[in-house]
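# Coordinate analysis (summary)
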Amino acid sequence: MADDAGLETPLCSEQFGSGEARGCRAAADGSLQWEVGGWRWWGLSRAFTVKPEGRDAGEVGAPGAPSPPLSGLQAVFLPQGFPDSVSSVVWGRGQYSEPGGRGAFASSLSGSLATQAVLLGIGVGNAKATVSAATATWLVKGELHPWSLTSKLDCNAKQWRLFADILNDVAMFLEIMAPVYPICFTMTVSTSNLAKCIVSVAGGATRAALTVHQARRNNMADVSAKDSSQETLVNLAGLLVSLLMLPLVSGCPGFSLGCFFFLTALHIYANYRAVRALVMETLNEGRLRLVLKHYLQRGEVLDPTAANRMEPLWTGFWPAPSLSLGVPLHRLVSSVFELQQLVEGHQESYLLCWDQSRNQVQVVLNQKAGPKTILRAATHGLMLGALQGDGPLPAELEELRNRVRAGPKKESWVVVKETHEVLDMLFPKFLKGLQDAGWKTEKHQLEVDEWRATWLLSPKKKVL
């Protein structure tokens, strides 16, 4: 493989997204030589590339249809075909819309208190305040731009939705406290508006993702428009109550702060209830981890409602192993021998590398890897983590875990090869269980990078 003929035939190749593919050949010393053209730009594009991952109206005059006046209101505030045209847990049962409406109302009132504090801080109503101080503050606010977030907004839309709500409350608290410390007023208000820029990006993106989930009849625009109508109505009600509330609290900072804490608590609780009520039928890493763990321990597949009820709503608290999908091949191998080890035993359209010491799984995806292949790769990676745990496992995995623990420590690639054989038996049953339980396996919300590769595979390769 190190002769001149070997140098003519690429062993593998990889590319980032739709970029140009770069080949790799074997050098005389057995190392891998990647084509170097364009690598500088690949690294740049990777740094700025966002990672990846939606019937007819009800009959008029049907039993239970609203009266003509209510029909007009329904046309303004509810999607066409409601409740069958949207997710029932979000709209039809009121578990999302009603707490969400109370949360938006409370948030609107809290915003009024924060705005009043900011206006007082910049000198509205104070003859001694300078125009330059006010101008400087608003210029700083205007120069802050939205924060660029990652594809985790798609993968963990519920968690980021709740995060945006809480961060928005923190921003309003900073605005209320800004006049208390005039020397730090500009910095405090600027920090508050930086937080609001992040809220704007995270909130808008997750709102779009959840709207896609709610729309059941390709009616995302209709659902979004009616959601905006509801929000406008709630904000109008909040404005009217604010006009009555602000004169009562303007002369009493302590009472104003107490009202803010009460409304903030109501806002967070209502939005927590709203997000908790959402049932996502697609699998992200967190939900897949819960479902797989339950399946390995009890032989049953959790349905979407049960899994969503158990899913944590705080980001960044998932335990090891770390799972990376769509990593570049050049990160994992540097020689022909390492490439041979990595490919051996892999008959699927992915290569999996497991670092046992850090319990970290990295997956290289083939150009032909589809959603089911990615789901299998993620299942494979999470299953490897189960081998280092103490919970009960199916007989095949339990036997493998005992062999791994009893004998001398095996190299990771050997364990990965053996788990492939076990997964060939377990995954088809697991996949069917997911589909029977109501999960949508034709798509997913797993965080997948854009790197894809090709390599010489066994002729028995299967493409899911």
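Residues numbered from 1 in each chain as written. Predicted model: local features only at pLDDT ≥ 70, side-chain atom pairs only at ≥ 80, totals over all residues. Heavy atoms only, no water.

Turning our attention to the sheet that holds strand E7 (residues 451-455). A sheet is described by the order of its strands in space; here four strands give the open sequence E3-E2-E1-E7, paired in antiparallel fashion. Looking at the sheet topology across the chains shown, the edges are occupied by strand E3 (32-34) and E7. Across this sheet, the average inter-strand angle for adjacent strands is 20°, counted without regard to direction. Here five bridges tie strand E1 (residues 12-16) to E7, and the two strands are oriented antiparallel to one another. From the neighbouring strand, glutamine 15 faces E7, where its bridge partner is arginine 452. (Pairing = 2+ DSSP bridges. Helix = DSSP H or I, 4+ residues; strand = E, 2+ residues; numbered from the N terminus. Axes fitted to C-alpha atoms, helices over the stretch in contact; angles between N-to-C directions.)

Of all hydrophobic cores here, the largest spans 42 residues; its most connected members are Leu325 and Val363. Contributing elements (two or more residues each) for this core: helix H12 (285-298), helix H13 (304-310), strand E4 (322-325), strand E5 (350-355), strand E6 (360-365), helix H15 (371-387), helix H16 (395-406) and helix H17 (412-437). Ignoring any residue separated from it by four or fewer positions in sequence, one finds leucine 325 in contact with Val363, Ile374, Ala377, Ala378, Leu446, Glu447, Val448 and Asp449. One finds Leu11, Val336, Leu342 and Leu351 within the second-largest nonpolar core, a separate group that totals 18 residues. (Core = buried A, V, L, I, M, F, W, Y, C linked by side-chain atoms within 4.5 Å. Buried < 20%, exposed > 50% of the residue type's maximum accessible area, 1.4 Å probe, protein only. Contact = heavy atoms within 4.5 Å.)

Bringing the sheet that holds E4 into the picture now. Here three strands make up an open sheet; going across it, the order is E4-E6-E5 and the pairing mixed. At either margin of the open sheet sits one strand with a lone partner, and together these are E4 and E5. Between one strand and the next, the sheet's axes are offset by a mean angle of 15°, whatever the strand orientation. Bridging between E5 and E6 involves six bridges; their strand directions are antiparallel.

Judged by side-chain polarity, Leu233, Leu236, Leu239, Leu240 and Leu243 come together as a nonpolar surface patch covering roughly 480 Å² of accessible area. Along the chain, the position of leucine 233 falls in helix H10 (residues 220-249). (Patch = residues over 30% accessible without salt bridge, like charges linked within 9 Å, V, L, I, M, F, W, Y side chains within 5 Å. Areas by Shrake-Rupley, 256 points an atom, 1.4 Å probe, with all protein chains shown as cover. Salt bridge = Lys/Arg side-chain N within 4 Å of Asp/Glu carboxyl O.)

For any two helices packed against each other, the geometry comes down to the angle between their axes and how far apart the axes lie. Viewed as axis vectors pointing N to C, helix H9 (residues 185-214) and H10 meet at an angle of 120°, and their least axial separation amounts to 9 Å. With respect to their mutual orientation, H9 and H10 come out oblique. Regarding H9 and H10, the two cross each other, and that crossing is right-handed. Contacts from Arg207, Thr211, Val212 and Gln214 of H9 reach H10 at Met220, Val223, Ser224, Asp227, Ser228 and Glu231. (Parallel < 35°, antiparallel > 145°, perpendicular 65-115°, else oblique. Left-handed = near helix turned anticlockwise from the far one by under 90°.)

As enumerated under the stated definition, the model contains six aromatic pairs in all. Between the aromatic rings of phenylalanine 173 and phenylalanine 261, the centroid separation amounts to 5.8 Å while the plane-to-plane angle is 35°, which identifies the pairing as tilted. Residue phenylalanine 173 is located in helix H8 (residues 157-177), and its partner phenylalanine 261 is located in helix H11 (residues 253-277); the two are separated by 88 residues in the primary sequence. Given the relative accessible area of 29%, phenylalanine 173 is considered partly exposed. One aromatic cluster in this structure is built from Phe173, Phe260 and Phe261. (Phe/Tyr/Trp six-rings, centres within 6.5 Å; stacked < 30°, edge-to-face > 60°.)

The next subject is the environment of glutamate 418. Residue position: glutamate 418 is located in helix H17. On a C-alpha basis, the gap between glutamate 418 and leucine 397 in space is 9.8 Å, while along the polypeptide they are 21 residues apart.

The next point concerns the confidence of the model for the protein chain. Summarising the model, the protein chain shows a mean pLDDT of 75, and 70% of its residues fall at 70 or more. Element-level pLDDT for the protein chain is lowest in helix H2 (residues 39-47), with a mean of 42, against a maximum mean of 93 in H13. pLDDT under 50 marks residues 38-67. Its contacts with residues more than four places away, or in other chains, come to 43 contacts. Taken together, the stretch residues 459-464 has pLDDT below 50 and engages in 17 contacts with residues farther than four places along the chain or on a different chain. (pLDDT = per-residue confidence, 0-100.)

Right, let's get into the pairing of E6. When a strand is regular, its side chains alternate between the sheet's two faces. A large share of E6 lies buried, amounting to six of its six residues. Covered by surrounding structure in E6 are Gln360, Gln362 and Val364 together with Val361, Val363 and Leu365, the residues of both alternating faces. Connecting the antiparallel pair E5 and E6 is a turn made up of four residues, with asparagine 359 showing a positive phi of about 50°.

Right, let's talk about the pattern of salt bridges for a bit. Opposite charge on two side chains permits pairing when their charged atoms draw close. As enumerated under the stated definition, the model contains 14 salt bridges in all. Salt-bridge contacts for lysine 417 lead to glutamate 344; the nearest nitrogen and oxygen are separated by 3.1 Å. In this pair, lysine 417 is assigned in helix H17 and glutamate 344 in the loop between helix H14 (336-343) and E5, connecting sequence segments 73 residues apart. For glutamate 344, a relative accessible area of 34% puts it in the partly exposed group. Of the charged contacts, one joins glutamate 348 and arginine 376 as a salt bridge, the two residues approaching to 3.4 Å between their closest N and O atoms. In this pair, glutamate 348 sits in the loop between H14 and E5 while arginine 376 sits in helix H15, placing the two residues 28 residues apart along the sequence. Here glutamate 348 matches arginine 376 in class, with each residue buried. Residues participating in the shared-partner salt-bridge network are Lys158, Arg287 and Glu311.

A few words now on the environment of serine 256. Relative to the helices and strands, serine 256 resides in helix H11. Once the C-alpha coordinates of serine 256 and isoleucine 176 are considered, the two residues, 80 residues apart in sequence, prove to be 9.1 Å apart.

Moving on, we get to the side chain of glutamine 360. Examined against the element boundaries, glutamine 360 turns out to sit in strand E6. Classification of glutamine 360 as buried rests on a relative accessible area of 18%.

This part covers H17. Along H17, the sharpest kink reaches roughly 40°, centred on leucine 423. Glycine 438, located one to two residues past H17, shows a positive phi value of around 105°. (Bend = angle between axes of the 7 residues up to and from the residue.)

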